Amino acid sequence: MPNLNLQKAALLISAGEPRQFPAHPIPQIALSGRSNVGKSSLINTLLGRKALARVSQAPGKTITVNFYDVDKKLFLVDLPGYGFAKRPPQEKEKWSALTDGYFTANKNIDRVALILQLVDLKVGPTKDDVMMLDYLTQTGLPFAVVATKADKLNKTERAKALAALATHPAIPTDTPVIPFSALNGEGKEEVWKTIFAHADIK
């Protein structure tokens, strides 16, 4: 691992509008996915913390873009979760404006080194996931798919689900697909390797 002190990781800001996005000249790794797919759990696992990123008991409750500063060398950026059916229309609009703003009104869009698109391996890509994957493909930004909750499938189900992801029409053929489990840490090293391959960290 490059010279990155994971003990020096902290939430810098929960931005409720694009003008609050920090302009620090360090690489940004954004996490995208539907509500309850495991973004907070992935952040906590990557950083070796139990509760730096709060796991919401009410999916879709938080509509902010959370910037986690890792050793002043990298931002892990938690985008608000989508696809939560019970969210009121005005909150859906806020989600759309914030997430769209991250890609279109981000002063440091050139520092977005990688998007980690989270997909529940057991559920597979939802309609909302496919829309997001299509959007990411259109932006031209590099992205990898993190297949969360991999521990919930048996060996046969897992192989079938991973094969379906690898051949999904919304996922370009050269896109990394990484099985991940917050329960047993599977995929943690692979996710870090993918981040370091895209972020220029010495």
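Here we summarise the structure given alongside this text. Values in this document were obtained by computation on a predicted structure and should not be read as measured data.

Observations regarding the overall build of the protein chain
- When helices and strands are counted, the protein chain shows five helices and seven strands.
- When the helices and strands of the protein chain are placed in sequence order, the string is β-β-α-β-β-α-β-α-β-α-β-α.
- Radius of gyration (C-alpha) of the protein chain: 16 Å, near the 17 Å computed for a compact globule of 202 residues.
- Put simply, 75% of the contacts in the protein chain that link residues at least 6 apart link residues at least 24 apart.
- Only carbon and sulfur atoms are counted for the fraction: they give 53% of the accessible area of the protein chain, which is about 10100 Å².
- Positive and negative side-chain charges of the protein chain, numbering 26 and 19 respectively, have mean locations separated by a distance of 6 Å.

A look at the side chain of Ser32
- Assignment of secondary structure puts Ser32 in strand S2 (residues 28–32).
- Engagement of the side chain of Ser32 in a polar contact is seen with the side chain of Gln117, the distance being 2.8 Å.

Notes on the sheet that holds strand S7 (residues 177–179)
- The seven strands are arranged S1-S3-S4-S2-S5-S6-S7 in an open sheet whose pairing can be described as mixed. Where the open sheet ends on each side, the last strands, each with one partner, are strand S1 (9–15) and S7. Between one strand axis and the next, the sheet turns through 25° on average, direction left out of account.
- Pairing between strand S5 (residues 112–120) and strand S6 (residues 143–148): six bridges, direction parallel. The partner of Asp120 across the bridge, within S6, is Thr148.
- Here helix H1 (residues 39–47) sits on the sheet and contacts S1, S2, strand S3 (65–70), strand S4 (74–78), S5 and S6; the angle it forms with S4, its principal contact strand, is near 155°.

Section: the packing of H1 against helix H5 (residues 188–198)
- Packing of H1 against H5 brings their axes to within 10 Å, and their N-to-C directions diverge by 85°. By the angle between their directions, the pair H1 and H5 is classed as roughly perpendicular. In this structure, H1 uses Thr45, Leu46 and Leu47 to contact H5, whose residues at the interface are Lys188, Val191, Trp192 and Ile195.
- When grouped by side-chain class, the residues that make up the contact of H1 with H5 number five nonpolar, one polar and one charged.

A word on the nonpolar core
- With 32 residues, the main nonpolar core has Val65, Phe67, Val77, Tyr102, Phe103 and Ile115 as its most contacted residues.
- At the level of secondary structure, the elements contributing two or more residues to this core comprise S3, S4, helix H2 (89–104), S5, helix H3 (127–139), S6 and helix H4 (155–166).
- Here this core gets four residues from one element, more than from any other, and that element is H2.
- Leaving out residues up to four positions away in the same chain, Phe103 has contacts with Leu79, Ile109, Ile115, Met132, Tyr135, Leu136 and Leu141.
- Within the second largest apolar cluster, 30 residues are counted, among which are Leu4, Leu31, Leu76 and Ile201.

Some points on the pairing of S3
- Among the six residues that make up S3, six are buried, leaving the element largely enclosed by the rest of the structure.
- Neither face of S3 is left uncovered, since the one carrying Val65, Phe67 and Asp69 and the one carrying Asn66, Tyr68 and Val70 both have all their residues buried.
- Here S1 runs beside S3; their pairing, made up of six bridges, is antiparallel. When the sheet's bridge partners are listed, Ile13 is paired in S3 with Phe67.
- For S3 and S4, the ladder comprises five bridges, and the chain directions are antiparallel. Residue Phe67 lies in a different strand from S4, and its bridge partner there is Val77.
- Between S3 and the antiparallel strand that follows it, S4, lie three residues; Asp71 among them carries a positive phi value of about 60°.

A short note on unusual backbone geometry
- We note that Asn36 has phi near 75°; this positive angle belongs to a residue other than glycine.
- Along the chain, Asn36 turns up in the loop between S2 and H1.

Reading the values: the criteria
- Residues numbered from 1 in each chain as written.
- Predicted model: local features only at pLDDT ≥ 70, side-chain atom pairs only at ≥ 80, totals over all residues.
- Heavy atoms only, no water.
- Helix = DSSP H or I, 4+ residues; strand = E, 2+ residues; numbered from the N terminus.
- Rg over C-alpha atoms; globule rule 2.2 N^0.38 Å.
- Contact = heavy atoms within 4.5 Å.
- Areas by Shrake-Rupley, 256 points an atom, 1.4 Å probe, with all protein chains shown as cover.
- Lys, Arg positive; Asp, Glu negative; His and termini not counted.
- Charge placed at Lys NZ, Arg CZ, Asp CG, Glu CD.
- Polar contact = N/O pair within 3.5 Å; in protein donor to acceptor, adjacent residues only side chain to side chain.
- Pairing = 2+ DSSP bridges.
- Axes fitted to C-alpha atoms, helices over the stretch in contact; angles between N-to-C directions.
- Parallel < 35°, antiparallel > 145°, perpendicular 65-115°, else oblique.
- Nonpolar A, V, L, I, M, F, W, Y, C, P; charged D, E, K, R; others polar.
- Core = buried A, V, L, I, M, F, W, Y, C linked by side-chain atoms within 4.5 Å.
- Buried < 20%, exposed > 50% of the residue type's maximum accessible area, 1.4 Å probe, protein only.

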